[in-house]
Amino acid sequence: MSSTSEDRSRPPAHPPHGPRVVVIGAGIVGCSLADELTARGWTDVTVLEQGPLPTPGGSTSHAPGLVFQTSPSKTLAEFARYTVEKFRSLQVDGVRCFQQVGGLELATTPERLADLHRRAGWAASWGIRGEVVGTARCKELWPLLDESVVLGGFHTPDDGLARAVLAARAQLDRATARGARFLDRHTVTGIERQDGRVTAVVTDRGTFPADHVVSAAGFWGPVIGRMAGVDVPLQPLAHQYARTRPLPELSGATAEASRPVLRFQDRDLYFREHTDRIGIGSYAHRPLPVDPFTVPAYDEARARGMEMPSSRPFTAEDWEPSWEDCRRLLPALRGTQIETGFNGVFSFTPDGMPVLGEARRLRGFWLAEAVWVTHSAGVAKAVAEWMVDGRPSVDVHECDLTRFEEAQRSPSYVRERGSQQFTEVYDVLHPLQPPERPRPLRVSPFHARQEQLGAFFLEGGGWERPHWYEANAPLIEALGDLPGRDTWSARYWSPVAAAEARATRERVALYDMTPLRRLEVTGPGALAFLDRMTSNNLRRKPGAVTYTLLLDESGGIRSDLTVARLAPDRFQIGANSPADLDLLLRHAPAGVQIRDITSGTCCIGVWGPLARALVQPLTGDDFSHEGFGYFRAKQTYIGHVPVTAMRLSYVGELGWELYTTADMGLRLWDTLWEAGQRLGVVAAGRSAFNSLRLEKGYRAWGTDMTAEHTPFEAGLGFAVRMDKEDFVGQAALRRAGEPTRRLTPLLLDDPAAVVLGKEPVHAPSPGGAARDGGPAGYVTSASYGYTLGRCVAYAWLPAGLPTGTGVYVEYFGEKVPATVADEPLFDPGMTRIRR
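Residues numbered from 1 in each chain as written. Predicted model: local features only at pLDDT ≥ 70, side-chain atom pairs only at ≥ 80, totals over all residues. Heavy atoms only, no water.

1. Focus: the sheet that holds strand β13 (residues 197-203)
Reasoning step 1: Pairing in this open sheet of three strands is antiparallel, and the strands run β12-β13-β14 from one edge to the other. The open sheet has two edge strands with one neighbour each: β12 (188-194) and β14 (206-209). This sheet shows a mean twist of 25 degrees between the axes of neighbouring strands, independent of strand direction.
Reasoning step 2: Both β13 and β14 contribute to a ladder of four bridges, which runs antiparallel. (Pairing = 2+ DSSP bridges. Helix = DSSP H or I, 4+ residues; strand = E, 2+ residues; numbered from the N terminus. Axes fitted to C-alpha atoms, helices over the stretch in contact; angles between N-to-C directions.)

2. Focus on the pairing of strand β23 (residues 365-369)
Reasoning step 1: Summarising burial for β23: five of the five residues are buried, a large majority.
Reasoning step 2: Note that strand β15 (residues 212-215) and β23 share three bridges and pair parallel. Bridged to Val213 within β23 is Phe365.
Reasoning step 3: The pairing of strand β22 (residues 355-358) with β23 spans four bridges and is antiparallel. Counted as the bridge partner of Glu358 is Trp366 from β23. (Buried < 20%, exposed > 50% of the residue type's maximum accessible area, 1.4 Å probe, protein only.)

3. Re the packing of aromatic side chains
Reasoning step 1: With the rule as written, the count across this model stands at 32 aromatic pairs.
Reasoning step 2: For the ring pair Tyr283 and Tyr426, a centre distance of 5.3 Å and an interplane angle of 75 degrees mean the geometry is edge-to-face. Of this pair, Tyr283 sits in the loop between β19 (277-282) and α8 (298-303) while Tyr426 sits in the loop between α11 (411-423) and α12 (447-452), placing them 143 residues apart in sequence.
Reasoning step 3: Using a relative accessible area of 5% as the deciding quantity, one classes Tyr426 as buried.
Reasoning step 4: Note that Arg505 overlies the ring of Phe826, its terminal NZ or CZ placed 3.8 Å from the centroid. (Phe/Tyr/Trp six-rings, centres within 6.5 Å; stacked < 30°, edge-to-face > 60°. Lys NZ or Arg CZ within 6 Å of the ring centre and 35° of its normal.)

4. Concerning the packing of helix α13 (residues 496-506) against helix α18 (residues 686-696)
Reasoning step 1: Between α13 and α18, whose axes approach to 8 Å, the crossing angle comes to 55 degrees. Overall, the two elements α13 and α18 adopt an arrangement that is oblique. Crossing hand, α13 versus α18: right-handed. Seen from α13, the contacting residues are Ala497, Glu500, Ala501, Thr504 and Arg505; seen from α18, they are Ser687, Ala688, Leu692 and Glu695. (Parallel < 35°, antiparallel > 145°, perpendicular 65-115°, else oblique. Left-handed = near helix turned anticlockwise from the far one by under 90°. Contact = heavy atoms within 4.5 Å.)

5. Quick notes on a positive patch on the surface
Reasoning step 1: Residues Arg540, Lys541, Arg632 and Arg721 make up a contiguous surface patch of positive charge.
Reasoning step 2: Secondary-structure assignment places Arg721 in the loop between α18 and α19 (730-735). (Patch = residues over 30% accessible without salt bridge, like charges linked within 9 Å, V, L, I, M, F, W, Y side chains within 5 Å. Areas by Shrake-Rupley, 256 points an atom, 1.4 Å probe, with all protein chains shown as cover. Salt bridge = Lys/Arg side-chain N within 4 Å of Asp/Glu carboxyl O. Lys, Arg positive; Asp, Glu negative; His and termini not counted. Charge placed at Lys NZ, Arg CZ, Asp CG, Glu CD.)

6. Structural notes on the pattern of salt bridges
Side-chain pairing between opposite charges can occur once the charged atoms of the two side chains come close.
Reasoning step 1: The final tally for this structure, using the stated rule, is 57 salt bridges.
Reasoning step 2: Asp596 serves as the salt-bridge partner of Arg517, at 2.6 Å between the closest nitrogen and oxygen. In this pair, Arg517 is assigned in strand β27 (residues 517-522) and Asp596 in strand β31 (residues 593-596), connecting sequence segments 79 residues apart.
Reasoning step 3: The class for Arg517 is buried, based on a relative accessible area of 6%.
Reasoning step 4: For the salt bridge of Arg532 with Asp726, the shortest nitrogen-to-oxygen distance reads 3.4 Å. Of the two residues, Arg532 sits in helix α14 (residues 526-533) while Asp726 sits in the loop between α18 and α19, which places them 194 residues apart along the sequence.

7. Let's talk about helix α15 (residues 578-587)
Reasoning step 1: Burial analysis of α15 places seven of its ten residues in the buried class, the great majority of the element.
Reasoning step 2: Among the residues of α15, those classed as buried are Pro578, Asp580, Leu581, Asp582, Leu583, Leu584 and Arg586.

8. Concerning the sheet that holds strand β6 (residues 98-99)
Reasoning step 1: Strand order in the open sheet made by the three strands is β3-β10-β6, with antiparallel pairing throughout. The two strands at the open ends of the sheet, each matched to only one other strand, are β3 (66-67) and β6.
Reasoning step 2: Here two bridges tie β3 to strand β10 (residues 160-162), and the two strands are oriented antiparallel to one another. From the neighbouring strand, Val67 faces β10, where its bridge partner is Gly160.

9. Re the state of the cysteines
Reasoning step 1: Enumeration according to the criterion identifies zero disulfides in this entry.
Reasoning step 2: The thiol of Cys603 is unpaired, and the distance to the nearest cysteine sulfur, on Cys602, comes to 7.7 Å. (Disulfide = S-S within 2.5 Å.)

10. Digging into unusual backbone geometry
Reasoning step 1: In this chain, Arg437 is followed by Pro438 through a cis amide linkage whose omega measures -5 degrees.
Reasoning step 2: Its place among the elements puts Pro438 in the loop between α11 and α12.
Reasoning step 3: Residue Glu823 is joined to Pro824 through a cis peptide bond whose omega torsion reads 0 degrees.
Reasoning step 4: Structurally, the position occupied by Pro824 is in the segment after β42 (814-820).
Reasoning step 5: A positive phi angle is found at Phe631, which is not glycine, with a value near 60 degrees.
Reasoning step 6: Residue classification places Phe631 among the partly exposed positions, given a relative accessible area of 22%.
Reasoning step 7: For Lys758, which is not a glycine, the phi torsion comes out positive at approximately 75 degrees.

11. Things to note about the packing of helix α3 (residues 74-88) against helix α10 (residues 376-389)
Reasoning step 1: Look at α3 against α10: their axes get within 6 Å of each other, and the N-to-C directions meet at 105 degrees. The angle between α3 and α10 falls in the class roughly perpendicular. Contacts between α3 and α10 involve Phe79, Tyr82, Thr83, Lys86 and Phe87 from the first element and Ser376, Ala377, Gly378, Val379, Lys381 and Ala382 from the second.
Reasoning step 2: Here the residues of the contact of α3 with α10 are counted per class, giving six nonpolar, three polar and two charged. (Nonpolar A, V, L, I, M, F, W, Y, C, P; charged D, E, K, R; others polar.)

12. Some points on the environment of Tyr659
Reasoning step 1: Within the secondary structure layout, Tyr659 lies in strand β35 (residues 655-661).
Reasoning step 2: Residues Tyr659 and Gly605 lie 54 residues apart in sequence; the distance between their C-alpha atoms is 8.9 Å.
Reasoning step 3: Only 2.4 Å separates the side chain of Tyr659 from the side chain of Glu657, close enough to count as a polar contact. (Polar contact = N/O pair within 3.5 Å; in protein donor to acceptor, adjacent residues only side chain to side chain.)

13. Brief notes about the side chain of Thr315
Reasoning step 1: With respect to the helices, strands and loops of the structure, Thr315 is situated in the loop between β20 (311-312) and α9 (316-329).
Reasoning step 2: With relative accessibility at 18%, the residue Thr315 sits in the buried group.
Reasoning step 3: For Thr315, the residues in contact, after removing those within four places along its chain, are Gln240, Leu288 and Asn343.

14. A look at the pairing of strand β16 (residues 235-244)
Looking down a regular strand, the side chains alternate between one sheet face and the other.
Reasoning step 1: Most of β16 is tucked away: nine of the ten residues are buried.
Reasoning step 2: Relative to strand β21 (residues 338-348), β16 runs antiparallel, the two being bridged by ten bridges. Its bridge partner lying in β21, Arg243 is registered against Thr340.
Reasoning step 3: As judged from the four bridges shared by β16 and β19, these two strands associate in the antiparallel manner.

Following this line, the structure appears as structure tokens:
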């Protein structure tokens, strides 16, 4: 069996080039990665596999092959789109590696039908063809359906079935022809390292020196990770898959599949054809976690009577309820039975995303784990770019191995959240919907007071974060009539947020900012290091605070930071994710110390026109505008509490961020709360906070901009000093031309309309000409602006759209009119912050 492009049996045309790379695992990810690396000139690639090739017994060997490209994650959609494009071009012995039969997701409830419109919006935003269709069209696409239970469907004609084993083989052959070698029956027993770098992979059949090692071991990832001393937060689970006996309705079929892959998410089921049989997968059963350290090797599994290590015995008792649902949807199944079935093992993470990247504590050791066939080639391309070029062309912050907090890495957390991800695979999930458990995990020192005020908590990074406070409900009456909300946007929302926003604009409010990541950087080289790593000028006197950006070498925004110079060689940084700490630690020179101080500290934002009237009587220091200017910091006392005070505002009002140690946090809250009673102080939550920051045009990294965007595209050119000495990304920004896209503020025309984010935006071409084809861009952040009386949405759109241009935001299939606006939308003169 050979691919049509290159024959693995031929000797390499050229000797190996590039660093020595060892890939552990020859499933679909390992084979895809070898192909991508060798295509980029890194041909000294060895792929080790403990099972026999071409079917080594991991998840690839039993994968049903469903590929649905649409996802709420732009990154996953990009991975899937590339996978489809690549697999469509591959053949083995004349058999194509991808069958473009399309996909069809069914709705049997009004809630699901509405969600399909939302999914169609994602597809449009990410450039994937798809449309919501009626019952008759669903029946036409799948004649075996009982149309009486179907309300509609979402048809994606470019989706289909990947022949995973064949796709792996085709890429194996291509990589081999370029110089890679694939060695099966090699069980990895150890990872050698020296001076913080990986040096070799040890197997039962010899040692393989390496400059880079990539773990693409699938559900064995945690096992390989332990050998390397690298945590791999991955939980394998078993998932039921069964095939029916031959169906008379499919007799005479010659193609493996001709109808779209079918999803029946209301019952956690999917269906595909196997010529004259139907294959059925179920997520409806209880989670069946598997300990990766107990999964047998291939030969041991065969000796136990297992078909392969990833195939567990079929549990009929878990299948029975789903079988009834299958026969209700497809009446033809009432006359047949299940012929074969198994429980197939594959990988889940606490957030359902892959785990990718290089381990900082073991340089040269990479992870490409928790990757499904759907995303396999796209992930491989991104990892290969990362290794060869230093950065992937697609933003991967959602997949970065550093993204989990320490509190989210315990085995019990990974097991519980991984199992919940299995349960939620086909659930209709709201973008604000928090995990149900384990909670509470991390709480600020103010948590008890927040509970007393009736806080409604959501969760982020393991932190309990107040979204609003029921204690403020009496303030709603003074607002007058608020626009109503549709059922979806009303979830995880309360009109209390409007009251808290008004109180912030008119009086003063306390915001719990404790979950904001805080880093401390010290040492004699700290200033030079930070100035080189970031885009703005940090060479200012102690007491200065600077908003700046972490860029990559291509000028993409890796993060945004607030850097306070507290002393000549001591800085406090407001950062975003654990990846920021990881990046700084990777590049820190000797003598510069960096530590995460988040857990040992806390922060209260005191914001509003009466903020000075609240804070000044509590301190002996001068908090006047002249004595404590904007973007300045000082160390002082608030009552009995030592604080680092920074005059910053993320809501567009006068105020300060007050930082202290965790043990003093409750005292700080009580001091401010008691002193603020005469001023009408309120506690305010993240819902009001998000509304206020969007009115002011403040960006949220990871939502509004990522490494795919430059500062000048994102409207953050003010944070770049092109005239300062060399900084990371500077050369790329100098080479860049005028932006062709911009992060653009929109105001929805209808005062009652609301959108939430990721919706497609339809706009004319710059100059006013009608635009052919799909959307012009998509929404990043959106929230109702209570001060403005309109919903504010930021969207990536073509540059050059003038203020006043009319656009449409597609919300659940409805085109909502909006208008391009000037920013900032609120207080453009900055008079409220700088008074």
